[in-house]
Amino acid sequence: MSAQYIYQDAKQPVEKRVEDLLGRMSLEEKVAQMNQYVGLEHMKKAAFEISPEEMKKSHAMGFYADYPPAKIEEMTKQGMVGSFLHVVSAEEANYLQSLALQSRLKIPLIMGIDAVHGNGMVRGTTIYPTCIGQAASFNPALVEKMSHETALEMRATGTHWTFTPNVEVARDARWGRVGETFGEDPFLVSKMGVATIKGFQNESNAGADFVLACAKHLIGGSQPLNGVNGAPFDVSERTMREVFLPPFQACVDAGAATVMTAHNELNGIPCHGNKYLMDDILRKELGFKGFIVSDWMDIERMQDYHKVSETLKDAFFLSVDAGMDLHMHGPDFYFDVIKLVQEGKLTEARINESVRKILESKFRLGLFENPYVNVANVNKILYNKNHQQTALDLARQSIVLLKNENNLLPLDSKKYKKVLVTGPNANNQSILGDWALEQPEANVVTIYQGLKQVRPDVKFNLCEFGWNLRTMKQEQVDKAIGMAKDNDLVIVVVGENSMRYQWKDKTCGENSDRYDINLVGLQQELVEGLYNMGVPVVVVLVNGRPLSTEWIANNVPALLEAWEPGSLGGQATAEILFGDVNPSAKLPITIPRHSGQIQTYYNYKFTSKWFKYATGNSTPLFDFGYGLSYTSFKYGEMKLSAKEIAKDGSVVASIDITNIGKKQGDEVVQLYITDNYSSATRPVKELKDFARISLNPGETKTVEFNITPDKLSYYDAKMNYGVEAGAFTVHIGSSSRTADLKKEEFIVR
Ligand code: GLC
């Protein structure tokens, strides 16, 4: 672009360019920057597939009955659109930019998409393990690397803004989106959220890998009433600040460019119209400097769902006045907000605040200089060998070994020459999880394919069920069970289905909440039937939410929690089953025995377990931080650098860990802290640090944790944040289970 004006001169500072451009914009051009539409191909497909009524309830498909694609194209040319989402090809992205650059001021578009674990909404991309599996790796560096690679695959296809990380703290497995979170612990969620942001927001490079991240959803969508997405979030100020807010603070401190508000209300006030939340807390208290985007039609839903606004116009006023900067999605917002300013209900100064942030982002992204992408580059960058390797590495580190009776695993291929592979998740793309379109078959290694690839000398006999858990046929179950006796061992792959493109039949993922967390369909009958044939059975779970597989855990000799391990997940699963890879992942979330135990998380208050249930077991099925290895690690005695410190002091806890087994292995060493007595009640323990270490057989490493005041601080009885004097217990070990922890105490004077 030739620099006729200051805003067109890339040598000028961004602030100057913003002010120069803002000064040239009409009110209409300003409000346009605050508005977003779904992509043209998206709206055509949606209009074909769903009715306007279904669209009103949808969170995933959108179109505009009175604004067909041609009209949106014309509006884009007129400078009436600022952003699109779900544009899934470089060609369409370039076309839309070409329209925007015909407008008077030639302001480029910002394109957003849910690139949650790879740029999965685009075909042909690298799909990494879903977030719950990423968290299970306890490897923030690898998550950062994944995010950087995803940024490259996004910019290559013309998108600049990802609606991730989801840094909600998941405490209810009935909620469909647990797989999209980093689990139940605020510290781990914060670490993974920050790693994601750092991976995406590479501002140093000239835009090739700089993508805006989006910390979401503010706040509490992960603890909706009864686990139903969008249901009310009713929480004390204390719990909100101690559990749900810290990941957002961490993301703001890491420079999160955007934040997305949550569908739900916070204590009676919808998040999308909540000035206390968006302004007092997010901007003033946490220091957020970026822009806030609404979630899908959630401003509108303050009228038809929350019923706090009688008209759409009232809803738009409530949201913008509360601090909303950019509307996802559709035309009503544009026209009504212009009217609200013309009527004096909103000031142009308020509009300028939002537009400044949006324009600043577009300048930072380099969009004024490079609005287009080179379509010829797409296939060089998407699903390239380096990205495949990262996806494989992350899958290998995300799969949790939960049970291995009599060391059945790793499997000996000389002993198990004929293996039945069955179950509805054995040979399809359920391993890609939510936020992924169906990918080219050549880009996905299913578990069955991975087994054949990793052990070509073993005869794997497949008995398939198709992906739909709801329509499993008894005769197919009977057939699989009948095949067991002709094999040396059975590998049965069960779990959930989060396929977004099978919206009506999936059982997990967005808006697929459940009132129990058992295996859907005939899966349990299948596993029990196979087990009763007397042939060794290995169960592999492929799922986003935790599943209450108590019978399986009590009976089946080997159990692997693979989560949704992504494009190369089948290979990684097979490598672990046959011992080419030593499993090292740990649970980022507690696995309940039964949905009746929900909420059950490791960092419970002392009185949560005052009494045991009269029936049923009160302990979880598997604990936060738990995961087995094919080797064993011995923890030495913990040493503390001091037994007494001042309130602003620190203490170093150190411990030796030795690999006393015969295989190389990684161990995730975990540090928990208990505040023994406090003026307000505290959790029995809280994760405050972790370290993933690699040890060869016989090798010993010393791990040190620096316990600083931030790891001891909390909101006291008067809601003052800080360190209270008293005794603290330090726990270090291989899981949150008391039996797996060494402990020492120190005093704060
Ligand atoms: C959905 C989700 C949100 C996502 C947005 C755009 O409603 O709640 O997480 O980023 O729509 O796809």
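Owing to the predicted nature of the structure, the values given are computational and were not obtained by experimental measurement.

## Some remarks on unusual backbone geometry
In step 1: Here the residue pair lysine 216 and histidine 217 is connected by a cis peptide bond, since its omega of -15° sits within 30 degrees of zero.
In step 2: Inspection of the secondary structure puts histidine 217 in strand E5 (residues 214–218).
In step 3: For the peptide bond that leads from isoleucine 598 to glutamine 599, omega is 10°, which places it in the cis range.
In step 4: Residues other than glycine seldom take positive phi values, yet histidine 86 does so here, at roughly 60°.
In step 5: Mapped onto the secondary structure, histidine 86 falls in the loop between strand E2 (83–85) and helix H6 (90–100).

## As for the sheet that holds strand E3 (residues 110–113)
In step 1: Judged by pairing direction, the sheet is parallel, and its 5 strands sit side by side in the order E4-E3-E2-E1-E10 without closing on themselves. The open sheet is flanked by strand E4 (161–162) and strand E10 (327–328), the only strands paired with a single partner.
In step 2: Pairing geometry for E3 and E4, over 2 bridges, is parallel. Each residue of the ladder has a partner; that of glycine 112, found in E4, is tryptophan 161.

## Overview of the packing of helix H10 (residues 237–244) against helix H12 (residues 275–285)
In step 1: Running from N to C, H10 and H12 point in directions that differ by 50°, and their axes come no closer than 15 Å. Judged by the inter-axis angle, H10 sits oblique to H12. Here H10 and H12 pass one another in a crossing that is right-handed. For the pair H10 and H12, the contacting residues are Glu237, Met240 and Arg241 in the first and Tyr276, Ile281 and Glu285 in the second.

## Details of the packing of aromatic side chains
Working definition: an aromatic ring pair is given by the centre-to-centre distance plus the angle between the planes.
In step 1: Enumeration according to the criterion identifies 22 aromatic pairs in this entry.
In step 2: Judged by centre distance (6.1 Å) and plane angle (85°), the rings of phenylalanine 460 and phenylalanine 578 are edge-to-face. With phenylalanine 460 in strand E13 (residues 459–463) and phenylalanine 578 in the loop between helix H23 (569–577) and strand E17 (633–635), this residue pair connects regions lying 118 residues apart in the sequence. One exposure class covers both phenylalanine 460 and phenylalanine 578, and it is buried.
In step 3: What links up through ring pairs into an aromatic cluster is the set Phe138, Phe187, Tyr602, Phe624, Tyr672 and Phe690.

## Points about the domain arrangement of the protein
In step 1: What the domain assignment lists for the protein is domain 1 (1–111 + 345–364), domain 2 (382–609) and domain 3 (633–748).
In step 2: For domain 1 and domain 3, the distance between their C-alpha centroids amounts to 49 Å.

## Re the site of the ligand
In step 1: Residues in contact with the ligand amount to 15 residues; listed here are only the nearest, Asp114, Arg177, Lys216, His217 and Asp295.
In step 2: A distance of 2.5 Å separates an oxygen atom of the ligand from a polar atom in the side chain of aspartate 114.
In step 3: Take aspartate 295: an N or O atom from its side chain is 2.6 Å from an oxygen atom of the ligand.
In step 4: Computed on the free molecule, the ligand has an accessible area of 310 Å², of which 100% lies beneath the protein chains in the complex.
In step 5: Class assignment for the residues of the shell around the ligand results in 6 nonpolar, 4 polar and 5 charged.

## Section: the layout of surface pockets
In step 1: One number sums up the size of the largest pocket: a volume of about 1,300 Å³.
In step 2: Around the largest pocket, the lining is made up of 39 residues, and of these Ser58, His59, Ala60, Met61 and Trp503 lie nearest the centre.
In step 3: Listing elements by their share of the lining of the largest pocket, those giving two or more residues are helix H3 (40–49) and helix H4 (52–57).
In step 4: Per-element accounting of the lining of the largest pocket gives the leading share, 5 residues, to H3.

## Comments concerning the sheet that holds strand E27 (residues 741–748)
In step 1: Strand order in the open sheet formed by 5 strands is E19-E27-E26-E21-E22, and the pairing between neighbours is mixed. Either end of the sheet is taken by a strand with one partner, and the two such strands are strand E19 (644–645) and strand E22 (686–695).
In step 2: Alignment of strand E21 (residues 665–675) against E22, held across 9 bridges, turns out to be antiparallel. The partner of isoleucine 673 across the bridge, within E22, is glutamate 686.

What counts and how
Residues numbered from 1 in each chain as written. Predicted model: local features only at pLDDT ≥ 70, side-chain atom pairs only at ≥ 80, totals over all residues. Heavy atoms only, no water. Helix = DSSP H or I, 4+ residues; strand = E, 2+ residues; numbered from the N terminus. Pairing = 2+ DSSP bridges. Axes fitted to C-alpha atoms, helices over the stretch in contact; angles between N-to-C directions. Parallel < 35°, antiparallel > 145°, perpendicular 65-115°, else oblique. Left-handed = near helix turned anticlockwise from the far one by under 90°. Contact = heavy atoms within 4.5 Å. Phe/Tyr/Trp six-rings, centres within 6.5 Å; stacked < 30°, edge-to-face > 60°. Buried < 20%, exposed > 50% of the residue type's maximum accessible area, 1.4 Å probe, protein only. Domains from an automatic or database assignment. Near = heavy atom within 4 Å. Polar contact = N/O pair within 3.5 Å; in protein donor to acceptor, adjacent residues only side chain to side chain. Areas by Shrake-Rupley, 256 points an atom, 1.4 Å probe, with all protein chains shown as cover. Nonpolar A, V, L, I, M, F, W, Y, C, P; charged D, E, K, R; others polar. 1 Å grid on protein atoms, 1.4 Å probe; cavity = no way out; pocket = protein on both sides within 12 Å on 5 of 7 lines; lining within 4 Å. Points joined across faces, edges and corners; volume = space filled by probe spheres on them.

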